[in-house]
Amino acid sequence: MRRLPFITALAIKNIRRRRQRSLIMVAAIAFAVFIAIYYAALSEGLLANTERNAVLMESGYIQAHLPGYLEEHDFYQLINDFARVRAVAGEFGLAAAPRLFGFALAANGGDSAGVVLRGIDPALEDRVTMLASHLRSGSWVDGRSGVVLGTRLSRKLGAGIGDEIVLLAQAADGSIANDLFRVNGILKPVANEIDQGTIIVSVAVFRRFFVLKSGVHEIALGGRVLDRGEVAALTRVLAARLPGLEVKGWPEIAPVLARVLDSSRGALVVMLLLIYAAMAILILNAVLMGVFERVREFGVMRALGLGPAALFGLVMIENGIIVVCGGVCGLMVAVPLVVYGQSHPIDLTFLAADASSIAGVAIDPCWYTSLTVSVLAWPLGLMAGIAVIAAVYPALHAAFINPVTALGYD
Amino acid sequence: MSFFAKVMPFAAVIFVLFPVPVQAAGIGRDTARARAIMTRVDDLWRAESSHGVMVMRVVTAHYQRNLKLEEWSRGRDESLVRILYPPRENGTATLKSGNTVYTWLPRTDRVIRLTSSTMMATWMGSHFTNDDLVKASRLADDYDPGIVFTGVRHGIDLIEIALRPRPDAAVVWDRILVEVDRSRTLPLVCRYYDEDGQLVRSLFFSGVKMMDNRLLPTVMRMVPADKPGEFTEIRYQSLEFGLVFADSFFSVNQLRRR
């Protein structure tokens, strides 16, 4: 240990002595780190975007229903004290938005389709989800008869902005609800359910149409960014504060999506390991070459009294310095590009005009990067680990060199 | 969309067409006899043509509903039903032509063709489905009848006939049991079972009266098995047979006329 400064100085000298090889190594590692970080940032961007679409476009972070509503979708399972739920949510800094759902038949000319009518309060909904800003064309719902359609539904009905569509349903009192509605806007792809069969109206219009005086089916909570841990914790607390209601976080409401996102993040690490396996072989080869090249030199050092530990340390430190330089260079290239990609997406609309989907949630064809701690930590951490492991064998080889044979080595 | 079926109503159908099935090919004495009975039962409400007025009462856990309906029918495939009461829904009409059902809504002045996704939806908020209307004329093609019981049950001399779907038929019910009053050959009750053998709903017939020289049950009550206290009851106020209609009567144009 007391020889550490000396060995480090020696290592730096060795690196500078073989400048060309050192630079190639640094460049290779920098490139690998850059690729890994950029790839991780793109994947995370895609996953975060999908999560955002699911949470901020549709579910909200947390939802409250009457027990069983999520399974039964019984029109008469109504929460009658929205104000209380809203007040409790407010204590935790959460906004609350009421929602109503009813089944209807929508018709435009000769085309008709079964739809879910979704009643929302435009002002409150806007604080929980970003659906209003996700319009492809037209304007958002108003308090009058204007409605907003999912993208595929609008195509199925052949209904454009300004068209009048007929809705037909059974009202809460059993009567035949039917009325004309004007198409105000059409959404961008959000999620299969919304895209294919949802018509959004204001709560007031919904109540008039379905002859429903009071109550809501669903209360969506959100309004600030929450990670999974916070969602789980808040869900528990709110469930305790709201007896008689079923309070669920979005991973419970959309378990398939949550699992897909989790496993995609796991797959990312596997992908990084594959990239780095190639890097490990490159490092192993380069360090081993460096050791074999200097067998005689190491023999002299041993003969002069340096122990195996010192030689082992020398090789490891030489390698470590190169890896750190490579990592820093990679970071310096990757981070600005990732930051740029956060606001300047890769536009894939030419490949897929309409979004495809993950677990029923639409993927934006504009691909943004996302800079998070894990996006940097995984690529750098794995790189460090793999660099150390790859250098162990050459370093051991150097450490246990036999000075007698080594001195005769040519 | 399976829950879709739960909450939808639609305008009218013809009650005349709900009751049971008819002739179905089959072999054996029992089958032939069962078929003869079913044909007789089925033709009770049906002639070349019919015209009637009925009241419908729907009782559910959430609402009660009283309607007055006027219906016209010709043969097996054509029918028109119009709501006379309540005023809010007055004029709403349903046309059945073959396997297609159209609804006219006076409030919006639009004719809507019901899609397959709405066929299992409730009809006018009742315990009948739109599918009941369309399938009524196809039961004969889809089910084979067979006698499963003859004798006295709950004090009535009756014959029980089981309708089983044919192997290739795409049907809703796995089995329909029909009890028929033996002496008058009038239906007493139809019980509908799903593929798990569970009773889903029962249709009871009562109020046997003479109407336009025919003796028939004038009250039908549909009772769902899983919703205690709920039912839909239809009561004929008048019924006449053998009318002559212009061909244009059962058309979309006629549907729009008040």
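Below you will find a few notes about this structure. Bear in mind that the values here come from a model prediction, so they are computed numbers and not experimental data.

**What about the pairing of strand β8 (residues 156-165) of chain B?**
Two faces make up the sheet, and in a regular strand the side chains alternate between them.
All names here are of chain B.
Phase 1: Where strand β7 (residues 143-153) and β8 come together, 10 bridges link them in antiparallel fashion. Bridged to R153 within β8 is I156.
Phase 2: Here β7 hands over to β8 after two residues, with H154 in that stretch at a positive phi of 30°.
Phase 3: Pairing geometry for β8 and strand β9 (residues 175-181), over six bridges, is antiparallel. Of the residues in β9, the one forming a bridge with I161 is V178.

**Quick look at the interface of chain A and chain B**
Phase 1: Contacts between the two partners involve 27 residues from chain A and, on the opposite side, 29 residues from chain B.
Phase 2: It is F103, Q170 and I176 of chain A that lose the most area in chain A upon contact with chain B, and together they represent 27% of the buried surface on that side.
Phase 3: Connecting chain A to chain B are two salt bridges.
Phase 4: For R107 of chain B, the salt bridge is made with D179 of chain A, and the minimal N-O distance between the two is 2.6 Å.
Phase 5: Counting every contact that joins chain A to chain B gives eight residue pairs in polar contact (both at pLDDT 80 or more).
Phase 6: Elements that contribute at least two residues to the side of chain A that touches chain B include exactly β2 (95-108), β3 (111-120), β6 (164-170) and β7 (176-187) of chain A.
Phase 7: Per-class residue counts for the side of chain A that touches chain B are 16 nonpolar, seven polar and four charged.

**Quick notes on a nonpolar patch on the surface**
Phase 1: Residues F31, I35, Y39, V270, M271 and L274 of chain A make up a contiguous nonpolar surface patch of roughly 550 Å² in combined accessible area.
Phase 2: Turning to its location among the elements, M271 of chain A is positioned in helix α11 (residues 255-293).

About the cut-offs
- Residues numbered from 1 in each chain as written.
- Chains lettered and ligands numbered in written order.
- Predicted model: local features only at pLDDT ≥ 70, side-chain atom pairs only at ≥ 80, totals over all residues.
- Heavy atoms only, no water.
- Pairing = 2+ DSSP bridges.
- Helix = DSSP H or I, 4+ residues; strand = E, 2+ residues; numbered from the N terminus.
- Contact = heavy atoms within 4.5 Å.
- Buried area = accessible area lost by both parts, 1.4 Å probe.
- Salt bridge = Lys/Arg side-chain N within 4 Å of Asp/Glu carboxyl O.
- Polar contact = N/O pair within 3.5 Å; in protein donor to acceptor, adjacent residues only side chain to side chain.
- Nonpolar A, V, L, I, M, F, W, Y, C, P; charged D, E, K, R; others polar.
- Patch = residues over 30% accessible without salt bridge, like charges linked within 9 Å, V, L, I, M, F, W, Y side chains within 5 Å.
- Areas by Shrake-Rupley, 256 points an atom, 1.4 Å probe, with all protein chains shown as cover.

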